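Overview (structure and organization)
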Amino acid sequence: MKQLILTFIIFINFSFANSQDNQIDHTKIKEDLNEILMDLSENYIYLKEKDVDLNCIRDYYQNQIPHIKTEEQTVLFFEYLLSEFYDSHLILNTNRNSSFRLFSPIYATVQNGKPIVSNVWQTQIEPLQQNIIGAEVLKINGTDITHAIEQFPTHCNNKSSEQVREWILNKILAGRYNQPRILSLKLNGKETIELDLDKLKLKQNPKLLTSTIENGIGIIRINNSLGNNGLIKEFDNTLDNLIHTEGLIIDLRNTVDGGNSYVARGIMSRFINEPKPYQKHWINEMYDGNTMVERSWIEYVTPRKVPYKQAVVILVGRWTGSMGEGLAVGFEGMERAGIVGTEMERLAGEMSGFSFKNQKFGYRLSTAKLYHLNGTPREKYIPTNYVKQTTTQKDETLERAVMLIMKSVE
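In this section: the state of the cysteines. The full count for this structure, using the stated rule, is one disulfide. For Cys56, the disulfide goes to Cys156, at an S-S distance of 2.1 Å. On the S-S bond that ties Cys56 to Cys156, the torsion sits near -80°, and the link is left-handed. One end of the pair, Cys56, is in helix 3 (residues 54-64); the other, Cys156, is in the loop between helix 5 (145-150) and helix 6 (162-174), with 100 residues separating them in the sequence.

Below you can see the structure in the form of structure tokens.
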């Protein structure tokens, strides 16, 4: 009897597995492959800047379709395709357990051919026991980091390019949701340590923003909420309570998920008394196969309510993303704030959503370029008051901001 039940269970599991495989329609996947490649060729505004061969992508991914057996493999198929463009703004509207995360709490750059930890998200994680800034990344999960970069699942981008390698390096540090991220690091003192990124404790910020007053200076920290329309009202109430401070610091170093321009304009509108330009848009327009024509325009902010008149400093870093980046360059473009910090996330362009014909999920592509009013592409902007992170033992960016505010008060 037990043998009969066991045989029945095996039969049911086998039948279920087969039914799952049979649900995958390779013809529909090929149809969606053609669709996303068409959208990339016609709408992805940075295509010419990318050293990627669309024919290579078409040939390689088309050959992979017969090997797709599950819905999860289908998602990864399109996820890897977008990764070919080494652009963190190109994403699917879904993920699976084996998908790569979007970011890591540390950032590494390629220096003299070596992967070096250049930034740590110190404002968002509990203090580290050792300073890992400047440490060389040797391995991840026991695999040599150089080998891990070569094995990253893209096949048509140039992995010998420093720009591509740095992007892949940080995707590896982000890691897959269902895999560990244990790093072997060589510190500046030549000591080698292991760091488990998943054991780093992230600070929880349930409020849309937090605020304080220190030595007469107001400090507002945006808690990754630039996509929440309710932030405008919360910001208004907070700013009204800080209206008589000697200066104001707005901390955008935890806006990693970006946001929308409605919220950004709502915030900027409290710091001006007349309409001000804050960013430039640029697109290519072509209709019905006719001539391509460039189009660009300047977007303005209109003042509202009582303006804050004292000096303002904006804090940014590697985890200031998308609309956070736009808010920073917008404040500077309006000549209303100084920007302090490191490079930002460098998420390029203005996004538009697209849908597959057959899949239940869609994807986002950059369809317009965005510029600082001085002509600098937003993704290439470097803070005017640049602060190179050298330690996790103190907040060097905040210290510089306080100095700037105090100088303006004197």
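On to the pattern of salt bridges. All told, the structure shown has 17 salt bridges when counted by the stated rule. The residue Asp240 makes a salt bridge to Lys305 at a minimum N-O spacing of 3.7 Å. Of the two residues, Asp240 is situated in helix 7 (residues 231-241) and Lys305 in the loop between strand 12 (293-301) and strand 13 (311-316); the sequence distance between them amounts to 65 residues. Among the ionic contacts, a cluster of salt bridges with common partners joins Asp236, Asp240, Arg270, Arg304 and Lys305.

One open sheet holds the six strands; their spatial order is 8-9-10-13-14-17, and the pairing between them is mixed. Looking at strand neighbours, the two that pair on one side only are strand 8 (209-214) and strand 17 (385-386), the edges of this open sheet. Bridging between strand 13 and strand 14 (residues 338-341) involves four bridges; their strand directions are parallel. Bridge assignment links Leu315 to a residue of strand 14, and that residue is Val340. Most of the contacts of helix 10 (residues 396-409) go to strand 13, to which it runs at about 170°, and overall it touches strand 9 (217-222), strand 10 (247-251), strand 13, strand 14 and strand 17.

Scoring rules and cut-offs
All residue numbers here refer to positions counted from 1 along the written sequence of the relevant chain. For this predicted model, a pLDDT threshold of at least 70 governs which residues receive local features, and a threshold of 80 or more governs which side-chain atom pairs are given and counted, while totals over whole chains, interfaces and linings are taken from all residues. Water and hydrogen atoms were dropped before computing side-chain values, which therefore reflect all heavy atoms in the structure. We call a pair of cysteine sulfur atoms a disulfide when they lie within 2.5 Å. Under the DSSP-based scheme used, a helix requires at least four consecutive residues in state H or I and a strand at least two consecutive residues in state E, with every element numbered from the N terminus. Think of a salt bridge as a Lys or Arg side-chain nitrogen and an Asp or Glu carboxyl oxygen that are within 4 Å of each other. Only strands joined by at least two bridges in the DSSP assignment are considered to pair. Only heavy atoms matter for contacts: two residues are in contact if any of them lie within 4.5 Å across the pair. An axis is simply a line fitted to the C-alpha atoms; with a helix, the fit covers only the stretch in contact. Between two such axes, the angle follows the N-to-C directions and lies from 0 to 180 degrees.

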